[in-house]
Amino acid sequence: MSSELSKRSLVELAVERMRERILQGDWQVGQRLPTEPELALELGISRNTVREAMRVLAFSGLVEIRQGDGSYLRTAQDPLQAVLAMSRCTPEQARETRHILETEAIGLAALRRTEADVQGLREALEDSGKHFHGDIDAYVNCDLVFHQRLVDAAHNPSLSELYRYFSGVVAAALQRNMSTVPRSQVTFDLHGEILQAVEQRDPERAKRLSRTLIES
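Quick caveat, the model's predicted, so the values are computed rather than measured.

### Thoughts on the overall build of the protein
Each helix and strand in the protein was counted, giving ten helices and two strands. From first element to last, N terminus to C terminus, the protein shows the α and β order α-α-α-β-β-α-α-α-α-α-α-α. Projected onto the principal axes, the alpha-carbon positions of the protein cover approximately 50 × 35 × 30 Å. Looking at the protein as a whole, 40% of its 216 residues qualify as buried. The long-range share in the protein, meaning contacts at least 24 apart out of those at least 6 apart in sequence, stands at 69%. Accessible area for the protein stands at about 11,500 Å²; split by element, carbon and sulfur atoms hold 52% of it.

Set out below in structure tokens:
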């Protein structure tokens, strides 16, 4: 067994064991989960494996990771099958889904955003800018926060939840692109232009820029 396969198997095992505990009701919605060292000791695996497993659970929507504050259980309803279906989509299918879901949500955000939404988006974009030329994982995590806040600014809980489940596919695409294609400042600057269009309540411009970003 290759080291990569072995690592993936350990992560999958850790995910499965934590999902079982969630479904059994060992942890309650809103509860802070055990720390990485505690879970590593309990499951008999490394902290790195626990960290990767927690990221999988966060992408699936079961867990919310709060920087500096630990991980919390968001829901006990397991959306794994939906997430797996999303993870199997082709790059073209992922782009289609983003156009339908993300672009339309951003158009609504331009109409419905609040000043608090705009402030949160500015902060998220500033964090992204700090990592754009640095570590890929750090940038992707920040970029996902920005995109999730864009969708959240539509103030439609269903859209927000759908996008949260879909964010794992977006993250994978971002990591793949940034690992193979030179980073483009023009592409990053599109984020700021989208924010400006949302702030100015210009849904058509926001949607047009979103489509450009997805295709970039």
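From this point, things continue past the structure.
### Things to note about the packing of helix α6 (residues 115–131) against helix α7 (residues 136–152)
A pair of packed helices is characterised by two quantities: the angle between their axes and the separation of those axes. At their nearest, the axes of α6 and α7 sit 8 Å apart, and the two run at 160° to each other. When the axis of α6 is compared with that of α7, the two are roughly antiparallel. Along this stretch, α6 crosses α7, giving a crossing that reads as left-handed. Seen from α6, the contacting residues are Gly 120, Leu 121, Glu 123, Ala 124, Leu 125, Asp 127, Ser 128 and His 131; seen from α7, they are Ala 138, Tyr 139, Cys 142, Asp 143, Val 145, Phe 146, Arg 149 and Leu 150. Tallied by class, residues from the contact of α6 with α7 come to nine nonpolar, three polar and four charged.

What counts, and where the lines are drawn
Residues numbered from 1 in each chain as written. Predicted model: local features only at pLDDT ≥ 70, side-chain atom pairs only at ≥ 80, totals over all residues. Heavy atoms only, no water. Helix = DSSP H or I, 4+ residues; strand = E, 2+ residues; numbered from the N terminus. Buried < 20%, exposed > 50% of the residue type's maximum accessible area, 1.4 Å probe, protein only. Contact = heavy atoms within 4.5 Å. Areas by Shrake-Rupley, 256 points an atom, 1.4 Å probe, with all protein chains shown as cover. Axes fitted to C-alpha atoms, helices over the stretch in contact; angles between N-to-C directions. Parallel < 35°, antiparallel > 145°, perpendicular 65-115°, else oblique. Left-handed = near helix turned anticlockwise from the far one by under 90°. Nonpolar A, V, L, I, M, F, W, Y, C, P; charged D, E, K, R; others polar.

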